[in-house]
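Inside the fold
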Amino acid sequence: MTNILSVAAHRPYELPPGRWTMAQRWNDLLFAHWPIPIDEMARLLPAGIEVDTFDGYAWIGVVPFWMDQVRTRAVGEQCITVPGTGTFCELNLRTYVRSRTSGLRGVYFFSLDAASALAVIGARTLFHLPYFFANMSKRIESDGTVEYSSRRLFTGREVRFKARYRGLGEVAAPSRTGTLEHFLTERYCLFTQYARQVRVGHIHHLPWPLEAAEAEIGINELPAAHGITLPSRPPVLHFARELHVYIWSLREDK
């Protein structure tokens, strides 16, 4: 197996200093993206980060997947798996931003729904991310089609998502800088706000093994729940079967 941490030439900047704190594998992941007017997106972002654009638009992504092989670094090189967080579904609503301080380009999450209560509590506590507990399910059919559903729990507003999707089988070469798929996927940090300060969390992985995709999205209430109106056009779709990811603790964005 490739030593992922030894492969870094594809990154836009060097690996972050210090030890990673968590490792995960993301599976059967759909990227569904829509263009959004820049001004509409900018009003939703915290101070310290600004909209990153492609082709004159901000972009919003809805990303369903499931994860496993979730491990947390304990002491030295030892890792542990916290019961209840080893395998679960996750559904993200995200956009793409730049730091006004460091200039780094990364991801900003409006919401992250997860089927693990412990993962939700841990991520809210340690990473200060807007995680929500949800009733979620996935079923993978013989042709690889993923039937996926999510319903957010314990909030004042019901937020549902339901889709059927699949990859079309041929992994493309790594995306090239300057293309839309590279802009939407090759991101190596996330931003969040805590105590009125922007914090950055670095991640590392190999280039995304993207496939063309098809999807039928029956219900998608995530954007509206966070003040975003989708355009009346089909989404841009990509699919990835699996990706191993390393995550570092949050630090000050500077």
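Whatever comes next refers back to the structure up there.
Now for a description of the structure that goes with this document. Here the structure is a predicted model, which is why all the values come from computation and not from measurement. Think of each chain on its own: its residues are numbered from 1, step by step along the sequence as written. Under the rules for a predicted model, residues below a pLDDT of 70 receive no local features and side-chain atom pairs below 80 are neither given nor counted, while totals for whole chains, interfaces and linings still include all residues. Only hydrogens and water are set aside; all other atoms, that is, all heavy atoms of the structure, feed into the side-chain values.

A helix here means a DSSP run of H or I that spans at least four residues, while a strand means a run of E at least two residues long, and both kinds are numbered starting from the N terminus. Scanning the chain for helices and strands turns up 4 helices and 14 strands. Computed over C-alpha atoms, the radius of gyration of the chain comes to 17 Å, within 12% of the 18 Å expected from 2.2 N^0.38 for 254 residues, which places it in the range of a compact globule. Along the three orthogonal principal directions, the C-alpha set of the chain runs to about 45 × 45 × 40 Å. Residue burial in the chain is summarised as follows: out of 254 residues, 50% are buried. Expressed as a percentage of contacts within the chain between residues at least 6 apart in sequence, the contacts between residues at least 24 apart total 69%. Carbon and sulfur atoms make up 52% of the accessible area of the chain, which amounts to about 12,200 Å² in all. Counted as positive: Lys and Arg. Counted as negative: Asp and Glu. His and the chain ends are not counted at all. Think of each charge as sitting on NZ of Lys, CZ of Arg, CG of Asp or CD of Glu. Averaging the locations of the 28 positively and 25 negatively charged side chains of the chain gives two centres separated by 6 Å. For the radius of gyration, the atoms used are the C-alpha atoms, and the globule rule reads 2.2 Å times the number of residues raised to 0.38. Per-residue accessibility, obtained with a 1.4 Å probe over protein chains only, is compared with the maximum for each type, and a residue is labelled buried under 20%, exposed over 50%, and partly exposed between these values. For this analysis, residues touch if any pair of their heavy atoms sits within 4.5 Å. Reported accessibility uses the Shrake-Rupley method at a 1.4 Å probe radius. Residues are deemed covered only where the shown protein chains occlude them.

Next up on the list: the packing of aromatic side chains. Geometry of aromatic contacts follows a simple scheme: Phe, Tyr and Trp rings, the Trp one being its six-membered ring, pair when their centres are within 6.5 Å, and the pair is stacked under 30 degrees between planes, edge-to-face over 60, tilted otherwise. Following the criterion strictly, the structure yields 11 aromatic pairs and no others. Measuring from ring centre to ring centre gives 5.6 Å for Phe54 and Phe183, while their planes differ by 45 degrees; the resulting arrangement is tilted. On the criterion of sequence distance, the pair formed by Phe54 in the loop between β2 (49-51) and β3 (58-73) and Phe183 in helix α3 (residues 180-185) is long-range, its members being 129 residues apart. Under the relative-accessibility criterion, Phe183 is labelled buried at 10%. Members of the aromatic cluster, joined through ring pairs, are Trp26, Phe31, Phe65 and Trp208. Stacked on the ring of Phe132, the Lys or Arg Arg152 has its end atom at 4.1 Å from the ring centre. Two thresholds decide whether a charge sits over a ring: the Lys NZ or Arg CZ must be within 6 Å of the ring centre and within 35 degrees of the ring normal. The lysine or arginine in question, Arg187, covers the ring of Phe183, its NZ or CZ lying 4.5 Å from the ring centre.

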